[in-house]
Amino acid sequence: MSKENPQYMTTSLWAKAARKSRKLTQKDLAAMLKISKKSLENYESGRIDMPMATAIKIATFCEFPPPFFNSTQEGQPQNRDVQGDKAGDKGMEITTAKYISLLEKTVELQKWQIEDLKIGRESFNALKEEIKTLEKEFNTQLGTRLATEMKKILAGQKASKKK
C-alpha cells in the first residue's frame, strides 16, 4: 500500500484515507453519503464490499482519486459478487465495466451541467445587455423630457417677468 498513490490501496483503506484527507468523521461522511455510520464502518473495515456508487460518491465528496478495482490488491481478493463469494476474473471484468460506465455517465452529467451553466450565463448576459440598452433609452427620453420641461419652466418665468 502507498499513501501517495491511493489507486493501489484496497477499497476499504482507500475509503478511510479519502475520508481522513478531508478531516471528516465517519458520522459526517455517512451523513453526506446518506448511509448509516455502521455501513461506512463496515466498508472501511472491509467486512462488506463497497458498492461502486458509494465509492464514486466518496471520490466526489472527498475529491480523492478513486482506486483501481483490482481483485488481487495487497494479495487479497477485494470485490465480491452479490452472494459474497470471491469474484473471479469474469466478475472483475463486469465490476470494472460497471465502474467505468458509472464514471462515463458522471462525466456526461457534468458536461450537461456545464452546458446548462454556459447557456444560463449567456442568457443572463443577454438580459444584462438588454437592460443596459433600455436604461440608456430611458435616460435619453428622460433627459429630453426634462430638457423640454425646463424650457417650458424657463419660458414661463420669462413671460411672467415681461408682464
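We now turn to the structure provided with this report. Since the model is a prediction, treat every value here as computed from it, not as a measurement.

### As for a nonpolar patch on the surface
On the surface, a cluster of nonpolar side chains totalling about 290 Å² of accessible area is made up of F138, L142 and L146. Within the fold, L142 resides in helix α5 (residues 89-162). Looking at L142, the relative accessible area reads 36%, which means it is partly exposed.

### Digging into the nonpolar core
Counting residues in hydrophobic clusters, the biggest one holds 15 residues, and the most contacted among them are W14, A18, L29, L40, M50, I58 and C62. Elements with a contribution of two residues or more to this core: α1 (11-21), α2 (26-33), α3 (37-45) and α4 (52-62). At 4 residues, the largest contribution of residues to this core is made by α4. Those residues in contact with C62 that sit more than four places away from it in its chain are A18, R19, S21, R22, L24 and L29.

### A few points about α2
Here α2 has its buried residues at Q26, L29, A30 and L33. Taken down its axis, α2 places every buried residue within 100 degrees of arc, on the same side. Of the exposed residues in α2, those oriented more than 90 degrees away from the buried face are K27 and A31. Elements in contact with the buried residues of α2: α1, α3 and α4. The positive-phi residue at the C-terminal boundary of α2 is K34, with phi of around 60 degrees.

### As for the pattern of salt bridges
All chains considered together, the criterion is met by 7 salt bridges. Residues E41 and K37 are paired through a salt bridge, measuring 2.7 Å at the closest nitrogen-oxygen approach. Taken together, the positions of E41 and K37, both in helix α3 and 4 residues apart, correspond to about one turn of that helix. The residue E115 makes a salt bridge to K118 at a minimum N-O spacing of 3.7 Å. On the criterion of helical spacing, the pair formed by E115 and K118 is a turn pair, its members being 3 residues apart in helix α5.

Calculation notes
- Residues numbered from 1 in each chain as written.
- Predicted model: local features only at pLDDT ≥ 70, side-chain atom pairs only at ≥ 80, totals over all residues.
- Heavy atoms only, no water.
- Patch = residues over 30% accessible without salt bridge, like charges linked within 9 Å, V, L, I, M, F, W, Y side chains within 5 Å.
- Areas by Shrake-Rupley, 256 points an atom, 1.4 Å probe, with all protein chains shown as cover.
- Salt bridge = Lys/Arg side-chain N within 4 Å of Asp/Glu carboxyl O.
- Helix = DSSP H or I, 4+ residues; strand = E, 2+ residues; numbered from the N terminus.
- Buried < 20%, exposed > 50% of the residue type's maximum accessible area, 1.4 Å probe, protein only.
- Core = buried A, V, L, I, M, F, W, Y, C linked by side-chain atoms within 4.5 Å.
- Contact = heavy atoms within 4.5 Å.
- Arc of directions from axis to C-beta.

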